[in-house]
Amino acid sequence: MAPADRPIAPALLEVFDCSPSDGSYYLDELLERLEMQSPGHPLVAVFQPLMQADLTILEHEAGRYYNEIAQGVIDDRQRFRLQEVFMDWLLQRFSDRGAKEIEKMLVG
């Protein structure tokens with residue numbers, strides 16, 4: 001089975017260097033650990049619309065996060081999916097903004 005076809009949970013456990021037998025995990029703690037081990041990791045960027053509580057910071061950093069996803073994922077299909085997820089979560093956080101405003105946020 002190709003890596004892109006594997007269930008997401010085992011793939012994430014590999015990225016976070018965790019074992020299912022270790023018990024429960026908290027996403028925020030796993031993302032913090034991943035960011036410390038691998039700054040600029042695309043998975044850290046993808047989750048920022050959910051994890052970043054400060055909308056001002058999210059607005060200013062959205063372009064950087066989007067670029068980290070674009071530059072950090074080699075497989076086109078995976079990159080497209082991660083960018084879709086990021087955009088969906090970003091649109092949910094900024095539900096009062098239109099597509100042009102979100103685009104401006106990403107390109108600066």
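Here the structure is a predicted model, which is why all the values come from computation and not from measurement.

**Looking at the overall build of the protein chain**
When helices and strands are tallied, the protein chain shows seven helices and zero strands. If you list the helices and strands of the protein chain from N to C, you get α-α-α-α-α-α-α. Residues classed as buried in the protein chain amount to 31% of the 108 residues present. Across the protein chain, the fraction of contacts at a sequence separation of at least 24, relative to all contacts at a separation of at least 6, is 45%. Accessible surface computed for the protein chain: about 7,200 Å², of which carbon and sulfur atoms make up 53%.

**As for the nonpolar core**
If you look at the biggest cluster of nonpolar residues, it comprises 23 residues, and the most contacted ones within it are Phe 86 and Leu 90. Secondary structure elements with two or more residues in this core: helix 2 (27–37), helix 3 (42–46), helix 5 (55–72), helix 6 (76–93) and helix 7 (99–107). When sequence neighbours within four positions are dropped, the list of residues in contact with Leu 90 reads Pro 49, Leu 58, Ala 62, Ile 102, Met 105 and Leu 106.

Reading the values: rules and limits
Numbers given to residues run from 1 along each chain, matching the order in which its sequence is written. Only residues with pLDDT of at least 70 are given local features in this predicted model, and only at 80 or more are side-chain atom pairs given and counted; all residues enter the totals for whole chains, interfaces and linings. As a convention, hydrogens and water are excluded, and side-chain values are obtained from all of the structure's heavy atoms. A run of DSSP states H or I qualifies as a helix once it reaches four residues; a run of E qualifies as a strand once it reaches two. Both are numbered from the N-terminal end. Partly exposed residues are those whose accessible area sits between 20% and 50% of the maximum for their type, while under 20% is buried and over 50% is exposed, using a 1.4 Å probe and protein chains only. Working rule for contacts: check all heavy atoms of both residues, and any pair within 4.5 Å makes them a contact. To measure how exposed things are, a 1.4 Å probe is used in the Shrake-Rupley method; for residues, cover is taken only from the protein chains shown. To form a nonpolar core, buried Ala, Val, Leu, Ile, Met, Phe, Trp, Tyr and Cys residues must be joined to one another through side-chain atoms within 4.5 Å.

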